[in-house]
Amino acid sequence: MTIIESSSDSKTEPTDFQFEDGSLLDASCKQVIADSVTHILMAVGDGVDAKGTADTPKRVANLYDELLSGYSTDPVELLNNAMFDVEYDEMVVVKNIDFYSLCEHHLLPFYGKAHVGYLPNQKVVGLSKIPRLVEMFARRLQVQERMTQEIATIIDELIEPIGVGVVIEAQHLCAAMRGVRKPNTVMTTSAVRGMFKKNASTREEFFSHVHRN
Ligand SMILES: [Zn+2]
């Protein structure tokens, strides 16, 4: 075992940065993150390039404010003015929604595509809103299975469709870079509600849309 100790001439105190309040993290929370990153850099030891990493704690703190901004998104506000009454009663499918999230186990990215379908019950939602709902849950600390269910649930609650289905295909850097080291492995998860759950042919119709190129 190697024990890495900071030498006496290396940095021993975190820097106070000038932060502005972010959409999720206020200035004091950002400073807490920055201090923590400083401690990580100090713990790694003398091999760390002090010049190159001087502003890294500040950058990482601002980065987390952006990557985790989904915690501060209000879904009701997000859908405001974007619900439309329609007679349309066929399936609506929004495919290939790119997303980037962070796994809650390693704080490493997982990313891929989400596919969402629903059967409207007199109401449809503006096309851009489905990707924004996906983003709201992606920009949190996540596990893919839970994120899939959360997207299905929020659509079920807010749009009140006859049924909804969500499929997520993603690659996890924690599996690609470490552990099993299997790059290009894609994990697929799905969640179905209402008619998508009850009716096999509705579910099949959705999955055939998703799998069609
Ligand atoms: Zn992970």
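Draft legend 1. Structural context of the pairing of strand β3 (residues 109-119). Counting buried positions along β3 gives eight out of 11 residues, so the element sits mostly inside the fold. Examined bridge by bridge, strand β2 (residues 92-103) and β3 share nine bridges and lie antiparallel to one another. Along β3, the bridge assignment pairs Asp 98 with Lys 113.

Draft legend 2. The environment of Phe 19, seen in detail. On the secondary structure map, Phe 19 appears in the segment before α1 (27-44). Excluding anything up to four places from it in sequence, Phe 19 contacts Ala 27, Lys 30, Gln 31 and Ala 61.

Draft legend 3. Quick peek at the domain arrangement of the chain. According to the domain assignment, the chain contains domain 1 (27-67) and domain 2 (81-211). Each of domain 1 and domain 2 has a C-alpha centre, and these two points are 33 Å apart.

Draft legend 4. Quick look at the nonpolar core. Core analysis: the biggest nonpolar cluster contains 31 residues, and Ala 114, Val 116, Leu 133, Val 134, Ile 151, Ile 155 and Val 166 have the highest contact counts within it. Secondary-structure elements contributing two or more residues to this core are β2, β3, α4 (129-138), α5 (144-159), β6 (163-172), β7 (187-194), α7 (195-198) and α8 (200-211). Contact partners of Val 134, with chain neighbours within four places excluded, come to Ile 97, Phe 99, Ala 114 and Ile 151. Formed by seven residues, the second largest nonpolar core is a distinct cluster that contains Leu 25, Val 37, Ala 61 and Tyr 64.

Draft legend 5. Region of the structure containing unusual backbone geometry. Unlike most non-glycine residues, Asn 81 shows phi in positive territory, near 65 degrees. The residue Asn 81 is located in the loop between α3 (75-79) and β1 (83-85) in this model. Phi at Glu 160 takes a positive value of approximately 50 degrees, unusual for a residue other than glycine. Within the secondary structure, Glu 160 sits in the loop between α5 and β6.

Draft legend 6. Structural view of the confidence of the model for the chain. Per-residue confidence for the chain gives a mean pLDDT of 92; residues scoring 70 or more make up 94%. Mean pLDDT across the secondary structure elements of the chain bottoms out at β1, with 89, and peaks at strand β5 (residues 141-142), with 98.

Draft legend 7. Representation of α1. Taking 1.5 Å per residue, 18 residues should reach 26 Å; α1 reaches 26 Å between its end C-alpha atoms and fits that length. When we look at burial in α1, the residues that qualify are Lys 30, Gln 31, Ala 34, Val 37, Thr 38 and Leu 41. Viewed along the axis of α1, the buried residues span an arc of 125 degrees, placing them on a single side of the element. With respect to the buried face of α1, the exposed residues turned more than 90 degrees away are Ser 28, Val 32, His 39 and Ala 43.

Draft legend 8. Here's a closer look at helix α2 (residues 56-67). Over its 12 residues, α2 runs 16 Å from end to end, which matches the ideal 16 Å to within 8%, given 1.5 Å per residue. Listed in full, the buried residues belonging to α2 are Pro 57, Val 60, Ala 61, Tyr 64 and Asp 65. For α2, the angular spread of buried residues about the axis comes to 145 degrees, placing them on one side. Lining the buried residues of α2 we find α1.

How each quantity is defined
Residues numbered from 1 in each chain as written. Predicted model: local features only at pLDDT ≥ 70, side-chain atom pairs only at ≥ 80, totals over all residues. Buried ≥ 20, exposed ≤ 12 C-beta atoms within 10 Å, placed from the backbone. Helix = DSSP H or I, 4+ residues; strand = E, 2+ residues; numbered from the N terminus. Pairing = 2+ DSSP bridges. Contact = placed C-beta atoms within 7 Å. Domains from an automatic or database assignment. Core = buried A, V, L, I, M, F, W, Y, C linked by C-beta atoms within 7 Å. pLDDT = per-residue confidence, 0-100. Expected span 1.5 Å × (residues − 1). Arc of directions from axis to C-beta.

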